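As a plain string of letters, each chain reads:
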Amino acid sequence: MKEWMKKASVILSAAALSMTMLAGCSNNGGSANNNPGGQPSGEPAATEKKDEIIIAITGNPTTFDPHGKNDANSMAGRRQIYEGLTLITPSMDIEPCLAESWEYIDDTHIRFNIRKGVKFSDGNEMKASDVEYSMKRAYAGNFATVFMAAFDLDNSKATDEYTYELALKYPSGTVLQALAYPCTVVTEQSVVEGLSADDVATKCPGTGPYKFESWAEGDAVTLVKNENYWGTCEGNDKMILRIIPETSSRVVEVETGSVDIAYDVAITDINRYQDDPNVATYRKTTSFITYIGMNCSKAPFDDPRVRQAVAHCINREDFVEMVWGGQGTPATSIVSDSLYGYSKDVELLSYDPDESKRLLAEAGFPDGLNTTIWVRDQQIFQDAGEVLANQLKEGGINAEVKVVEWASLLVDLENKELDIYIMNLGVPTGDAGDGLYRYFSSASPFSSNTAFYSNPEFDELLTKANQETDAAKRLELLKECQQFAINDAPWAPLLNNESLFISTSKVQGLDLHPTTYQYFKDVYATK
């Protein structure tokens, strides 16, 4: 076992992780805000808070079960209600949360010291037994399972009221990140085990700064401050998540002051309000990457030369400008540059249509290749499909664009019927090793490994990287994994996605989170 891990207190653990995370992350992903702090320049800051803050989200949540479906709209509320043992900050540092400290007993056992005096929203104290229960429930729920692959929960246990020992199947460099994922949060065993199937969606107690009050489906979700919260919360007393699917409507509601914060606006809105003293704009590189995927399970894309030919056709700078209009940045690796472990020293396959033609000829297609690009029925993806078809044509690939309704596209993808497709995926733990496992490991389920990619050599290298506990060595191995995946080309990465928000100038404390799971604990609106 590495010496630095022996009896490491949380201070040492968190500090070491913070320094390496900062070293491994790009600096180009910070929130940009035309009104930092949300207050027009030259005016005194208002200090009186409103009773409530109103936030416009894009659709109806699925569930408030802490270990349930992890769609973005469900997470918008659940992120405020539940907490994990650790926390990932907007700068992608790991900090203590429900665990006030931890120490490595050896390479495969970690002792977590549970924070004393933490109460659930119903007033009952959280104990280590609740942590043990929640870890097993999260794993069984499937929505966190891929990030808990190293966990040996059969041999993990609460050793007393405030101590939880986590056993691992093998050494892992991503445990603390996985424990911060909003689907590995802690809930109350004695209450949840007694809930009906209908009640579990809304009545699981949490330890977070807010608690669930009501849900008018299709209209709004109301949260109120948790009076039993163990920490500090600067937020307004009430948080209303209004469900407004239309982007233009969310923007208008902010402009008129009916909504304080709007999720996911367009780049044109950011540009329009950039100098408006009454509206603040925010943009931040996320853990999501948009990519061109290829079905590695069937010909001709089971041949890496064909996949490489596609990748050599892509002019990312033109693609991002023509389709996304400057929202996001051209990809520089096969994972987002916001992730811990991202390497700026890898090289993407260059734009070289002549090389594409050469590779196609070598693969048995001297006269070019006919294929289909599949995209969802959303305008920006339809535009992306058309631009891609034009770029592929330069390299000898003739592609028809097929537009399919989103649910049908997922079914066709799962049934391995697609050829080339354009999608995006994120990494909620913020770790490149988790992302590479999720995207390309042969053990990763379809919902993440959309290309059905399987390469034993890559699996072996990635396993070595994710089991390495020396930070410097792990970063070097993750760089090798990225270059391997780039060269084998199950994907051709396009761009690092950005979150784009706007708010009224009366909103204070908003800092977008790269994982896209926004945390509004200390965000508030003034009168």
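Before any of the text, the structure's been laid out above.
Residues numbered from 1 in each chain as written. Predicted model: local features only at pLDDT ≥ 70, side-chain atom pairs only at ≥ 80, totals over all residues. Heavy atoms only, no water.

Caption draft 1: Summary view of helix 14 (residues 456–467). For helix 14, which comprises 12 residues, the first-to-last C-alpha distance of 16 Å matches the rise-based estimate of 16 Å (1.5 Å per residue) to within 8%. Where helix 14 is buried, its residues touch helix 13 (432–440) and helix 15 (471–488). (Helix = DSSP H or I, 4+ residues; strand = E, 2+ residues; numbered from the N terminus. Expected span 1.5 Å × (residues − 1). Contact = heavy atoms within 4.5 Å.)

Caption draft 2: Region of the structure containing the side chain of Ser343. Looking at the element boundaries, Ser343 is found in the loop between strand 14 (329–330) and helix 10 (353–362). Residue Ser343 is classed as buried on the basis of its relative accessible area, which comes to 7%. Not counting residues up to four positions away in its chain, the partners in contact with Ser343 are Ser333, Lys479 and Gln482. (Buried < 20%, exposed > 50% of the residue type's maximum accessible area, 1.4 Å probe, protein only.)

Caption draft 3: Examining the packing of helix 14 against helix 15 more closely. Between helix 14 and helix 15, whose axes approach to 8 Å, the crossing angle comes to 160 degrees. With respect to their mutual orientation, helix 14 and helix 15 come out roughly antiparallel. Taken as a pair, helix 14 and helix 15 cross one another with a handedness that is left-handed. Where helix 14 approaches helix 15, its residues Glu457, Phe458, Leu461, Leu462, Lys464, Ala465 and Asn466 are matched on the opposing element by Arg474, Leu477, Leu478, Glu480, Cys481, Phe484 and Ala485. For the contact of helix 14 with helix 15, the class distribution of residues is nine nonpolar, one polar and four charged. (Axes fitted to C-alpha atoms, helices over the stretch in contact; angles between N-to-C directions. Parallel < 35°, antiparallel > 145°, perpendicular 65-115°, else oblique. Left-handed = near helix turned anticlockwise from the far one by under 90°. Nonpolar A, V, L, I, M, F, W, Y, C, P; charged D, E, K, R; others polar.)

Caption draft 4: Quick peek at the pairing of strand 9 (residues 210–216). With six bridges joining them, strand 9 and strand 10 (residues 220–225) adopt antiparallel strand pairing. The partner of Ala216 across the bridge, within strand 10, is Ala220. Counting the residues that bridge the hairpin from strand 9 to strand 10 gives three residues, and of these Gly218 lies at a positive phi of roughly 85 degrees. (Pairing = 2+ DSSP bridges.)

Caption draft 5: Here's a closer look at the sheet that holds strand 6 (residues 109–114). On the basis of which strands lie adjacent, the open sheet formed by four strands has the order 5-6-8-7 and antiparallel pairing. Strands at the two margins of the open sheet, each flanked by one partner only, are strand 5 (99–106) and strand 7 (157–160). Sheet twist, expressed as the mean angle between neighbouring strand axes with direction ignored, is 25 degrees. With three bridges connecting them, strand 7 and strand 8 (residues 163–167) associate as antiparallel partners. Among the inter-strand pairings, Lys157 is bridged to a residue of strand 8, identified as Glu165.

Caption draft 6: Quick look at the packing of helix 8 (residues 304–311) against helix 10. Interaxial distance between helix 8 and helix 10 falls to 8 Å at its minimum, and their mutual angle equals 165 degrees. It follows from the interaxial angle that helix 8 and helix 10 lie roughly antiparallel. Relative to helix 10, the crossing made by helix 8 is left-handed. Of the residues in helix 10, those in contact with Arg305, Val306, Gln308 and Ala309 of helix 8 are Ser356, Leu359, Leu360 and Glu362. Grouping the constituent residues of the contact of helix 8 with helix 10 by class yields four nonpolar, two polar and two charged.

Caption draft 7: Expanded view of the pattern of salt bridges. Taken as a whole and assessed by the stated rule, the structure comprises 24 salt bridges. With its nearest N and O atoms 2.8 Å apart, the salt bridge here joins Arg137 to Asp65. Note that Arg137 is positioned in helix 3 (residues 128–140) and Asp65 in the loop between strand 2 (52–57) and helix 2 (72–81), a separation of 72 residues in sequence. On the accessibility criterion, Asp65 (11% relative accessible area) is buried. Glu253 is the partner of Arg242 in a salt bridge, and the nearest nitrogen-oxygen pair spans 3.3 Å. Residue Arg242 is found in strand 11 (residues 238–243), and its partner Glu253 is found in helix 6 (residues 247–256); the two are separated by 11 residues along the sequence. (Salt bridge = Lys/Arg side-chain N within 4 Å of Asp/Glu carboxyl O.)

Caption draft 8: How the structure looks around the packing of aromatic side chains. All told, the structure shown has 18 aromatic pairs when counted by the stated rule. Measuring from centroid to centroid gives 4.4 Å for Tyr439 and Trp491, while their planes differ by 45 degrees, and the two rings are tilted. Of this pair, Tyr439 sits in helix 13 while Trp491 sits in strand 18 (residues 491–504), and the two are 52 residues apart along the sequence. Neither Tyr439 nor Trp491 differs from the other in exposure class; each is buried. Joined through ring pairs, the aromatic side chains of Tyr291, Tyr421, Tyr439, Phe440, Tyr453, Phe458, Phe484 and Trp491 make up one cluster. (Phe/Tyr/Trp six-rings, centres within 6.5 Å; stacked < 30°, edge-to-face > 60°.)

Caption draft 9: Summary view of the environment of Pro330. For Pro330, the location among the structural elements is in strand 14. Residues Pro330 and Gly77 lie 253 residues apart in sequence; the distance between their C-alpha atoms is 31 Å. Residues within four places of Pro330 in sequence aside, it is in contact with Arg316, Glu317, Val320, Leu494, Leu495 and Asn496.

Caption draft 10: Layout of the pairing of strand 5. Two strands pair when backbone bridges link them, and strand 5 and strand 6 are joined in this way by six bridges, in the antiparallel orientation. Pairing of Asp106 across the sheet is with His109, part of strand 6. As consecutive antiparallel partners, strand 5 and strand 6 are separated by two residues.

Caption draft 11: Seen up close, the environment of Arg307. When you line up the elements, Arg307 lands in helix 8. Along the chain, Arg307 and Arg438 lie 131 residues apart, while their C-alpha atoms are 20 Å from each other. Not counting the four nearest positions on each side in its chain, Arg307 is found in contact with Met294, Cys296, Phe301, Asp302, Tyr453, Asp488, Ala489 and Pro490. Engagement of the side chain of Arg307 in a polar contact is seen with the backbone oxygen of Ala489, the distance being 3.2 Å. (Polar contact = N/O pair within 3.5 Å; in protein donor to acceptor, adjacent residues only side chain to side chain.)

Caption draft 12: Highlighting the environment of Pro300. Here Pro300 shows up in the loop between strand 13 (279–294) and helix 8. Using a relative accessible area of 17% as the deciding quantity, one classes Pro300 as buried. Along the chain, Pro300 and Ile486 lie 186 residues apart, while their C-alpha atoms are 18 Å from each other. Residues contacting Pro300, with those up to four places away along its chain left out, are Val306, Phe365 and Leu369.

Caption draft 13: Inspection of helix 9 (residues 316–324) at higher detail. Those residues of helix 9 lying buried are Arg316, Phe319, Val320, Val323 and Trp324. Angular distribution of buried residues about the axis of helix 9 spans 95 degrees; they occupy a single face of the element. Away from the buried face of helix 9 by more than 90 degrees, exposed residues Glu317, Glu321 and Met322 are located. Where helix 9 is buried, its residues meet helix 7 (267–273), strand 13, strand 14, helix 11 (379–394) and strand 18. (Arc of directions from axis to C-beta.)

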